[in-house]
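Structure at a glance
Now for the letters of each chain:
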Amino acid sequence: MVTSEYERRIAARFAGFDQDGNGYIDREDFMAAAKALLAEFGTAARSDKGQALYVGAEAFWQGMAGIADRDGDQRITREEFVNGAVKRLRDNPDRFAEIARPFLHAALAVAGGDAGAGGGAGVGVDDTARVLRVLGVDGDVAAQAAAQLDADGDGRIDEEEIVSAFARYFTVPE
Ligand code: CA
Ligand code: CA
């Protein structure tokens, strides 16, 4: 076994978080993701939605660091990611949903929806694919993933659908 399917998937997850591709995950990657999302949807950083997205990105980073940054150097290496984040989150998918939710909630709001507001209308499939592309998912894969995220087939994706899908994606079983 040289490179297993599992290892390949883990490498793809790491690359998704490592937005600037410098070999480790740190706060800058989360801020870069927030900035790119705001640019994609023409949202000002100083708007309420923009501020909420940065707050969510910071919380997401802090949650990931708390789980995976074992040596406390404010960087998550690939080894820390595999041995810390992936294993621990796989054992506890709800924990991942908890730390990712504020960011995802804010990202959906930026993408034009009102997700989470008492089971609100959610975000369209096309806008969700745009979010995924900005976050580094390949174009065709993003479109397919967005379509699959629409679990009940109503053309809209709500917060629960995207949070649970993210948890599944990042806690991929071996
Ligand atoms: Ca990075
Ligand atoms: Ca570290």
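As the structure is a computational prediction, the values presented were derived from the model and not from experiment. (Residues numbered from 1 in each chain as written. Chains lettered and ligands numbered in written order. Predicted model: local features only at pLDDT ≥ 70, side-chain atom pairs only at ≥ 80, totals over all residues. Heavy atoms only, no water.)

**Considerations on the nonpolar core**
The following threshold applies: Take the buried Ala, Val, Leu, Ile, Met, Phe, Trp, Tyr and Cys residues and link them wherever side-chain atoms come within 4.5 Å; each set so joined is a nonpolar core. Relative accessibility under 20% of the residue-type maximum defines a buried residue, over 50% an exposed one, and the middle range a partly exposed one, all with a 1.4 Å probe and only protein chains included. The helix and strand labels rest on DSSP assignments: H or I over at least four residues marks a helix, E over at least two residues marks a strand, and numbering proceeds from the N terminus. Contact criterion: two residues are considered in contact whenever any of their non-hydrogen atoms come within 4.5 Å of each other.
By size, the foremost hydrophobic cluster in this structure holds 52 residues, and its most contacted members are Leu 37, Leu 53, Phe 60, Met 64, Phe 81, Phe 96 and Phe 103. Ranked by the residues each element gives to this core, the list is headed by helix 5 (residues 93–110), at 10 residues. Those residues within four positions of Leu 37 in sequence are excluded, and the remaining contacts are Leu 53, Phe 103, Ala 107, Val 110, Val 131, Val 134 and Leu 135.

**A closer look at the coordination of the calcium ion (ligand 2)**
Stated formally: Note on donors: an N, O or S atom is included if it sits within 2.8 Å of the metal, or within 3.2 Å for Na, K and Ca, and water is never included, so sites can look incomplete. Geometry assignment treats four donors as tetrahedral when all angles are between 85 and 135 degrees, treats four as square planar and six as octahedral when opposite donors are over 155 degrees apart and all others between 65 and 115, and treats everything else as irregular.
The protein atoms that coordinate the calcium ion (ligand 2) are Asp 69 (OD), Asp 71 (OD), Asp 73 (OD), Arg 75 (O), Glu 80 (OE) and Glu 80 (OE), at distances spanning 2.2 to 2.5 Å. Between the 6 donor atoms coordinating the calcium ion (ligand 2), the angles at the centre fall across 53 to 154 degrees, so the site counts as irregular. Mapped onto the sequence, the donors of the calcium ion (ligand 2) take the spacing D-x1-D-x1-D-x1-R-x4-E. What makes Arg 75 partly exposed here is its relative accessible area of 38%. Since its relative accessible area comes to 9%, Glu 80 is described here as buried.

**What about the packing of helix 2 (residues 27–40) against helix 3 (residues 48–68)?**
Where we set the bar: Orientation is described by lines fitted to C-alpha atoms, with helices fitted over the stretch in contact, and by angles between N-to-C directions that extend from 0 to 180 degrees. Put simply, angles under 35 degrees are roughly parallel, angles over 145 are roughly antiparallel, angles from 65 to 115 are roughly perpendicular, and the rest are oblique. Take the far helix as the reference: if the near one is turned anticlockwise from it by less than a right angle, the crossing is left-handed, and if turned clockwise, right-handed. Classification convention: Asp, Glu, Lys, Arg as charged; Ala, Val, Leu, Ile, Met, Phe, Trp, Tyr, Cys, Pro as nonpolar; all other residues, Gly among them, as polar.
At a minimum axis separation of 9 Å, helix 2 and helix 3 run at an interaxial angle of 155 degrees. With respect to helix 3, the axis of helix 2 lies roughly antiparallel. In the packing of helix 2 onto helix 3, the handedness of the crossing is right-handed. Contacts from Arg 27, Phe 30, Met 31, Ala 34, Lys 35, Leu 37 and Leu 38 of helix 2 reach helix 3 at Gly 50, Leu 53, Tyr 54, Ala 57, Glu 58, Phe 60, Trp 61, Gln 62 and Met 64. For the contact of helix 2 with helix 3, a count of residues per class yields 11 nonpolar, 2 polar and 3 charged.

**Considering helix 7 (residues 139–149)**
For clarity, the threshold we go by: Relevant arc is that of directions from the helix axis to the C-beta atoms, nothing else.
Every buried residue of helix 7 is accounted for by Ala 142, Ala 146 and Leu 149. Taken around the axis of helix 7, the buried residues stretch over an arc of 60 degrees, which confines them to a single face. Along helix 7, exposed side chains directed more than 90 degrees from the buried face belong to Asp 140, Gln 144 and Gln 148.

**Some words on the confidence of the model for the chain**
Just so we agree on the cut-off: The score called pLDDT rates the predictor's confidence residue by residue, from a low of 0 to a high of 100.
A residue-level look at the chain finds 90% of positions with pLDDT of 70 or above and a mean pLDDT of 84. Per-element mean pLDDT across the chain ranges from 77 in helix 8 (residues 159–170) up to 96 in helix 2. In the predicted structure, residues 115–119 sits below a pLDDT of 50 and forms 6 contacts with residues beyond four places in sequence or in another chain.

**Side note on the coordination of the calcium ion (ligand 1)**
Looking at the calcium ion (ligand 1), the protein donor atoms are Asp 18 (OD), Asp 20 (OD), Asn 22 (OD1), Tyr 24 (O), Asp 29 (OD) and Asp 29 (OD), and they sit 2.2 to 2.6 Å from it. For the calcium ion (ligand 1), the 6 donor atoms in the first shell make angles of 52 to 155 degrees at the metal, a pattern classed as irregular. We note that the donor set of the calcium ion (ligand 1) lies within a single chain, spaced as D-x1-D-x1-N-x1-Y-x4-D.

**Description of the packing of aromatic side chains**
For clarity, the threshold we go by: Two aromatic rings, drawn from Phe, Tyr or Trp (for Trp, its six-membered ring), form a pair once their centres lie within 6.5 Å of each other, and the interplanar angle then sorts them: stacked below 30 degrees, edge-to-face above 60, tilted otherwise.
Scanning the model with the defined rule gives 8 aromatic pairs in all. Taken together, a centroid distance of 5.1 Å and an interplanar angle of 70 degrees make the contact between Phe 30 and Phe 60 edge-to-face. Of this pair, Phe 30 sits in helix 2 while Phe 60 sits in helix 3; the two residues are 30 residues apart in sequence, bridging distant segments of the chain. Overall, the relative accessible area of 5% leaves Phe 30 in the buried class. Ring geometry for Phe 60 against Phe 103: centres 5.8 Å apart, planes inclined by 45 degrees, an arrangement best described as tilted. Of this pair, Phe 60 sits in helix 3 while Phe 103 sits in helix 5, and the two are 43 residues apart along the sequence. We classify Phe 103 as buried; its relative accessible area is 4%. Through pairs of rings, three or more aromatic residues link up here, namely Phe 14, Phe 17, Phe 30, Phe 60, Trp 61, Phe 81, Phe 96 and Phe 103.

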